[in-house]
Amino acid sequence: MTRNESKGFDGSYDRRDPSIGLSFFSECKNVHIVELEDLLEEATDNAPERRPDMGTFAQKLRIWQEIRQDRRRLQDSEWSYLSKALFAGKQATSATWNDVDAIIAVLKEIARLPAYNHIFLPSNGGLDLVGAERADEAGCIYLMFDPQEIAVVKPKSLTFEGFSEANDWNYFLLELEDLKPILQTENRDCIREILVEDTPGHYIKSDTFTYGVYDYDTGEPLPAGAKCVVRYCRGSFLLTLKQGTYNQCVDYAYQALHDKIDARSIRNLMFVLQKIQYTCEGINVDTREMVNEIFRLDIYDKNKYVQERRDYVSQRQKLDAYLHDKLSGWQFACSTTNSTQSNNICYMFGLHSKNGICLSQGLPKEHRLCQDGRFRQDVAEEEQFKVYTIDEAKRMLQSLQASLHEHLEKAGYNDKYYILPSIHVNLKMLKKPTHVVTRNEISELMMKADDRQDNTLVLDDVGYPHIIQESTDSLFYPVVTETWFAGNCYVGKYADIDGQVETEYALMLQGLYNYLQLGRRVYVDFPCENIEKTLCEIQKLMA
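Overview of the structure. On a predicted model such as this, the values are computed, not experimentally measured, just so you know. (Residues numbered from 1 in each chain as written. Predicted model: local features only at pLDDT ≥ 70, side-chain atom pairs only at ≥ 80, totals over all residues. Heavy atoms only, no water.)

Re unusual backbone geometry
Here comes step 1: The backbone of N124 sits at a positive phi, close to 80°, despite the residue not being glycine.
Here comes step 2: Classification of N124 as partly exposed rests on a relative accessible area of 31%.
Here comes step 3: Positioned with a positive phi, C489 is a non-glycine residue whose angle comes to about 60°. (Buried < 20%, exposed > 50% of the residue type's maximum accessible area, 1.4 Å probe, protein only.)

Below is the structure:
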């Protein structure tokens, strides 16, 4: 029932048998099953007298369900299982495995337990470990992660560090032997490479793996067993309790903090964090806030992001104050040769604090570029500077951006130390589109596009679809959808165009409808629910 299967299995239950063990099946990934598997082993014991009766069976099922709902009991249960599997139930404070097969065996046990299988990577981030096995490269192993990522590593040692009864602080550290990069042979700082293992132990670049071929143009197929792998050249992996303090309270844990300090420092850090947690609980102070305040003092942190974050706030405040004082006094070159007679749209230019991206709190209201070349607030539309073609809008935006940065750099604000503000484009409809996009138009564009580049589907001012490669060009089109990032088989000759075109068609219709209603540039990420109804509404708005 757990696996939604109508048939059972023959003989005794073996949790380590991939053909029947629950942890090997996707339905049971990240599900606590320790007591359930204990019960299945008891209930299928070869000796009938050792099997539980129905009353005992039902009671143990209820206990399993109760433990699943209690995080503390769940963690204790999984640690109890791991302790028995690795240390025969004894209280271990430290252990190290150097043999590759022994390391694989331990990692397999950890991977079975959703409370303990979270692993921090040497290259930032973290994933859930779901398996480990021998790799074809000499001395290496595969680490299987969820979702469907495979790493190739050469283990030096796997170390366990325990903390007596405080098992929520226990952790495993997998340290690696160095491997020479396959592609980045001159890069001494290379941590990992994304590659394709086309034949056992042989690697090639991964650019065309998505398409199942060696070469995008020729279409030469990869062998059936080829797989994409992340090959780690150096570093270490840290496995901690998924809901533990280190995972939940240390902001810099996912920036590979563990890989920037040595093994002894990691254990010392865990001791300190444990004491901080107990102290905070005793005085009713938030542990996360206190832990990260310690890190801001740079006592243990070797991570450059701490100082960078601190610098960012200070630099942003300084830049905001300067812009607030100087912007209105700068004059920008404005000229245009276009008339409005035959154009469907116009472009205007602004600078504001939208989402904190273009500018932060220093200029809370939008500043618009006026006909005299100055940025001002509270400007009527007729006073604003306008251009009427995409090409001229692109040239104008580039010129304005360059001039703004020139002013800032003269005052010492350059993009090496500051995130400089960006001028944005406001698009306004002057005349309604006259064309309604069709499925065939979108399908043909998607088929002809090159998936090796980023692609974005847009509608122009008349209503015709285009696929563009420069993401910044989407600023100049009335209707824009999400960018299809390169290498994901969204478009081109290897993509399932027939399976996608209906959704893209519905997106474009919704975008056209929104544009006709609003009269300005729209970004659309939800398709219309009823294509025929939307088409009727579009025809009414175009009339």
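There's plenty left to go through after this.
Let's talk about the sheet that holds strand β13 (residues 367-369)
Here comes step 1: Spatial ordering of the open sheet is given by β14-β13-β12-β15, a layout of four strands whose pairing is antiparallel. Looking at which strands have only one partner, the edges of the open sheet turn out to be β14 (375-377) and β15 (424-429). With strand direction ignored, the average angle separating the axes of adjacent strands in the sheet is 40°.
Here comes step 2: Judged from the six bridges that link them, strand β12 (residues 345-351) and β15 form a sheet pairing that is antiparallel. Bridging from a neighbouring strand, M348 pairs with N426 of β15.
Here comes step 3: Against the sheet, helix α9 (residues 390-410) makes contact with β12, β13 and β15, and its axis sits at roughly 10° relative to β12, the strand it touches most. (Pairing = 2+ DSSP bridges. Helix = DSSP H or I, 4+ residues; strand = E, 2+ residues; numbered from the N terminus. Axes fitted to C-alpha atoms, helices over the stretch in contact; angles between N-to-C directions. Contact = heavy atoms within 4.5 Å.)

Quick look at the nonpolar core
Soluble globular proteins tend to pack their nonpolar side chains together in the buried interior.
Here comes step 1: Ranked by size, the top nonpolar core spans 60 residues in total, and within it F349 and L509 carry the most contacts.
Here comes step 2: For this core, the secondary structure elements donating two or more residues are α8 (304-326), β12, α9, β15, α10 (439-448), β16 (456-459), α11 (497-518) and α12 (531-542).
Here comes step 3: In terms of residue count, α11 provides more of this core than any other element does, eleven residues in total.
Here comes step 4: If near-sequence neighbours (up to four positions away) are discounted, L509 is found in contact with V436, V437, C528, I531, T534, L535 and I538.
Here comes step 5: Formed by 40 residues, the second largest nonpolar core is a distinct cluster that contains Y81, L107, L158 and V230. (Core = buried A, V, L, I, M, F, W, Y, C linked by side-chain atoms within 4.5 Å.)

Some points on the pairing of strand β9 (residues 202-205)
For a regular strand, side chains alternate in direction, first toward one face of the sheet and then toward the other.
Here comes step 1: With four bridges joining them, strand β8 (residues 192-199) and β9 adopt antiparallel strand pairing. Bridged to E197 within β9 is Y203.
Here comes step 2: Joining the antiparallel neighbours β8 and β9 is a turn of two residues, in which G201 adopts a positive phi near 75°.

Some thoughts on the sheet that holds strand β19 (residues 522-523)
Here comes step 1: Read from one edge to the other, the open sheet built from four strands follows the order β17-β16-β18-β19, with strand pairing classed as mixed. Edge positions in the sheet fall to β17 (465-468) and β19, since each has one partner strand and no second.
Here comes step 2: Two strands pair when backbone bridges link them, and β16 and strand β18 (residues 479-480) are joined in this way by two bridges, in the antiparallel orientation. In the strand pairing of β18, V458 is matched with V480.
Here comes step 3: Lying on the sheet, α10 is in contact with β16 and β17; it crosses β17 at an angle near 20°.

Looking at α12
Here comes step 1: Over its twelve residues, α12 runs 16 Å from end to end, which matches the ideal 16 Å to within 8%, given 1.5 Å per residue.
Here comes step 2: Taken together, the buried residues of α12 touch α10 and α11.
Here comes step 3: Capping the start of α12, N530 holds a side-chain oxygen 3.2 Å from the backbone nitrogen of E532, two or three residues further along. (Expected span 1.5 Å × (residues − 1). Polar contact = N/O pair within 3.5 Å; in protein donor to acceptor, adjacent residues only side chain to side chain.)

Some thoughts on the pairing of strand β5 (residues 149-153)
Here comes step 1: Pairing geometry for strand β4 (residues 141-146) and β5, over five bridges, is antiparallel. Opposite L143, over in β5, you have A151 as the bridge partner.
Here comes step 2: Taken together, the two bridges between β5 and strand β10 (residues 227-232) define a ladder with parallel strand orientation. Bridge pairing in β10 places V152 opposite R231.

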